[in-house]
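# Structural characterization, general
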Amino acid sequence: MGPGETMSLIAVVVLGIVVLGVMLEAYRHRLKFKERELELTAQATAEKAAQYAAHTERLEARVRVLERIATAKGTDLAAQIEDLREGAIPERGELQ
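The following paragraphs examine the structure supplied in this document. These numbers come from a predicted model, not from an experiment.

About the thresholds
- Residues numbered from 1 in each chain as written.
- Predicted model: local features only at pLDDT ≥ 70, side-chain atom pairs only at ≥ 80, totals over all residues.
- Heavy atoms only, no water.
- Salt bridge = Lys/Arg side-chain N within 4 Å of Asp/Glu carboxyl O.
- Helix = DSSP H or I, 4+ residues; strand = E, 2+ residues; numbered from the N terminus.
- Buried < 20%, exposed > 50% of the residue type's maximum accessible area, 1.4 Å probe, protein only.
- Patch = residues over 30% accessible without salt bridge, like charges linked within 9 Å, V, L, I, M, F, W, Y side chains within 5 Å.
- Areas by Shrake-Rupley, 256 points an atom, 1.4 Å probe, with all protein chains shown as cover.

Here the focus is the pattern of salt bridges. Across all of its chains, the model carries three salt bridges by this definition. Its salt-bridge partner being Arg-28, residue Glu-25 comes within 3.9 Å of it at the nearest N-O pair. Of this pair, Glu-25 and Arg-28 both sit in helix α1 (residues 3-71), three residues apart, which is roughly one turn of the helix. Judged by relative accessible area, Glu-25 falls into the partly exposed class, the value being 47%. Residue classification places Arg-28 among the partly exposed residues on the basis of a relative accessible area of 45%.

With that out of the way, let us pick up a nonpolar patch on the surface. Together, Met-7, Ile-10, Val-14, Val-18 and Val-22 line one region of the surface with nonpolar side chains, adding up to about 470 Å² of accessible area. Along the chain, Val-18 turns up in helix α1. The exposure class assigned to Val-18 is partly exposed, which follows from its relative accessible area of 47%.

Structure below.
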């Protein structure tokens with residue numbers, strides 16, 4: 001093996017190392033991007049879950065009121081239903 005071949009081999013090895021380094025850095029950049037993307041997706045999912053939970057709580061409160069109205073004796077059912085349509089949710093003591 002002559003000096004020219006040795007220099008060529010060294011150049012190929014160095015070039016290979018450089019190419020591998022660039023590819024590794026590109027892969028690291030891609031992983032950071034994916035991680036950030038997953039963080040944003042998780043945040044959006046958590047916000048939606050909180051909204052759904054709040055909505056479910058409001059619906060459960062309305063169902064409880066309707067159950068109390070339906071089981072209450074001697075009450076003005078029509079007036080209480082109209083109150084619900086206007087957004088007023090009577091408390092337990094208000095139903096007579």
